[in-house]
Amino acid sequence: MSKNIVILNGSPRRKGNTSALVKAFADGAESSGNKVTEFFLDGMNIHGCKGCFCGGKDPDSPCSQKDDMDKIYPIYKEADIVVLATPLYYWTISGQLKTAFDRLFAVAECDQNYRNPQKDSILIMAAEGYGFEETLYWYDRLEKHMGWKSIGKVLCGGVMAIGDIEGKPELQEAFELGKSIK
């Protein structure tokens, strides 16, 4: 049975190393018959969460702010799998991904107990170095808080300039992870 997969791509570079991992993953997932929707967050008009607790009143447009998150919400709610894709910036995820992810709280506000929709998740990261520990710490706790289940991680270090990822085994790893989803 095919899955609905949403990718939140927090890279600022459309043709960067994170985006190359995303493409490999999406190609693999689509080759297994899954539906993949990618949001390139850097090209979207998304404002930071205001912490107003005014969301949740309209399930079709759950946040009180009206911006490009309204394009993400319906796809996110229908998704079986959420892929968080990001370069490693100062030992954590990019601001683009963090801003969009914080805004997903409005979907939880649609539930009177603030429960998040249950999802499987995947973490895809590219980095100049290899220090993924802090992000993995955050991701593991995020999953627990959200009630999600991780079904994979692809972490590629040693890539900074656009194209550095070419020939890296993590590209094949990302493709195989996508292909394994059925």
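Residues numbered from 1 in each chain as written. Predicted model: local features only at pLDDT ≥ 70, side-chain atom pairs only at ≥ 80, totals over all residues. Heavy atoms only, no water.

When strand β1 (residues 4–9) meets strand β2 (residues 35–40), the two strands line up parallel, connected through six bridges. Within β2, the position partnered with Val6 by the bridge is Thr37. A crossover connection joins β1 to the parallel β2 through helix α1 (residues 17–31); in handedness this β-α-β unit is right-handed. (Pairing = 2+ DSSP bridges. Helix = DSSP H or I, 4+ residues; strand = E, 2+ residues; numbered from the N terminus. Right-handed = clockwise from strand over helix to strand, strands pointing away.)

Position of Ser2 among the secondary structure elements: in the segment before β1. We classify Ser2 as partly exposed; its relative accessible area is 43%. (Buried < 20%, exposed > 50% of the residue type's maximum accessible area, 1.4 Å probe, protein only.)

This brings us to the nonpolar core. Leu8, Leu41, Ile72, Tyr76 and Leu84 are the most contacted members of the largest nonpolar core, which has 30 residues in total. For this core, the element with the most residues is helix α2 (residues 69–78), which contributes four residues. When residues no more than four places from it in sequence are discounted, the contact partners of Leu8 are Phe39, Leu41, Ile72, Val82, Val83, Leu84, Ala85, Leu97 and Leu104. Ranked by size, the runner-up nonpolar core spans 22 residues in total, among them Ile7, Ala29, Val36 and Ala126. (Core = buried A, V, L, I, M, F, W, Y, C linked by side-chain atoms within 4.5 Å. Contact = heavy atoms within 4.5 Å.)

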